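Results of the structural survey
The chain contents come next:
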Amino acid sequence: FAVGDTVQGTFGWQEHALSDGTTETGPVTKLRAGITPEQALGVFGVTGLTAWFGLTEIGRPAPGDTVLVTGAAGATGSVVVQVAKALGCTVVAVAGGAEKCAWVKDVAGADAAIDYR
């Protein structure tokens, strides 16, 4: 890596990391230009991977299916809502409170929202 590169790995969020290459921290990857730290922690990080693989490999919805997403206003749930919509599904979101329900419909793109409160 070059000085100034932003990388991600399993060593925690920090300004600097030093490794001799023998510790088992897992892979370290350089972030592509334009990826913000917030995106690296969200959609391009574990949150995004969990949403993507949970929906596409476990849930396996087909276009036209209806997908119910609980915790839809949270980090992973909100990504699931967006991926399901991109796959051509109808999405019903479950969230706590009128404000969160409005957000998952107006911003995340759910077709309907259920307020569990």
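Note: the structure precedes this text.
Scope of this entry: the structure provided in the associated data block. Computed from a predicted structure; not experimentally measured.

Rules used in this analysis
- Residues numbered from 1 in each chain as written.
- Predicted model: local features only at pLDDT ≥ 70, side-chain atom pairs only at ≥ 80, totals over all residues.
- Heavy atoms only, no water.
- Patch = residues over 30% accessible without salt bridge, like charges linked within 9 Å, V, L, I, M, F, W, Y side chains within 5 Å.
- Areas by Shrake-Rupley, 256 points an atom, 1.4 Å probe, with all protein chains shown as cover.
- Salt bridge = Lys/Arg side-chain N within 4 Å of Asp/Glu carboxyl O.
- Helix = DSSP H or I, 4+ residues; strand = E, 2+ residues; numbered from the N terminus.
- Contact = heavy atoms within 4.5 Å.
- Pairing = 2+ DSSP bridges.
- Axes fitted to C-alpha atoms, helices over the stretch in contact; angles between N-to-C directions.
- Buried < 20%, exposed > 50% of the residue type's maximum accessible area, 1.4 Å probe, protein only.
- Right-handed = clockwise from strand over helix to strand, strands pointing away.

**As for a nonpolar patch on the surface**
Taken together, the side chains of L49, W52 and F53 present a nonpolar region at the surface, about 310 Å² in accessible area. Relative to the elements of secondary structure, F53 occurs in helix α2 (residues 46-59).

**Some details on the environment of V80**
Inspection of the secondary structure assignment puts V80 in helix α3 (residues 75-86). Not counting the four nearest positions on each side in its chain, V80 is found in contact with A51, L55 and V69.

**What to know about the sheet that holds strand β5 (residues 112-115)**
Read across the sheet, three strands follow the order β3-β4-β5 without closing on themselves; strand pairing throughout is parallel. Taken across any chain shown, the strands that pair with only one partner, and hence form the sheet edges, are β3 (66-70) and β5. Neighbouring strand axes in the sheet, compared pairwise and without regard to direction, differ in orientation by 20° on average. Note: strand β4 (residues 90-95) against β5, four bridges, orientation parallel. The residue of β5 that forms the bridge with A95 is D115. α3 contacts β3 and β4 of the sheet and is inclined by roughly 170° relative to β3.

**A short note on the pairing of β3**
Residues V67 and V69 line the buried face of β3, whereas the alternating positions T66, L68 and T70 sit on a face that is not buried. Pairing geometry for β3 and β4, over five bridges, is parallel. Looking at β4, one finds that L68 is bridged to V92. Crossover handedness for the path β3 to α3 to β4: right-handed.

Taken by themselves, the reported measurements are silent on function.
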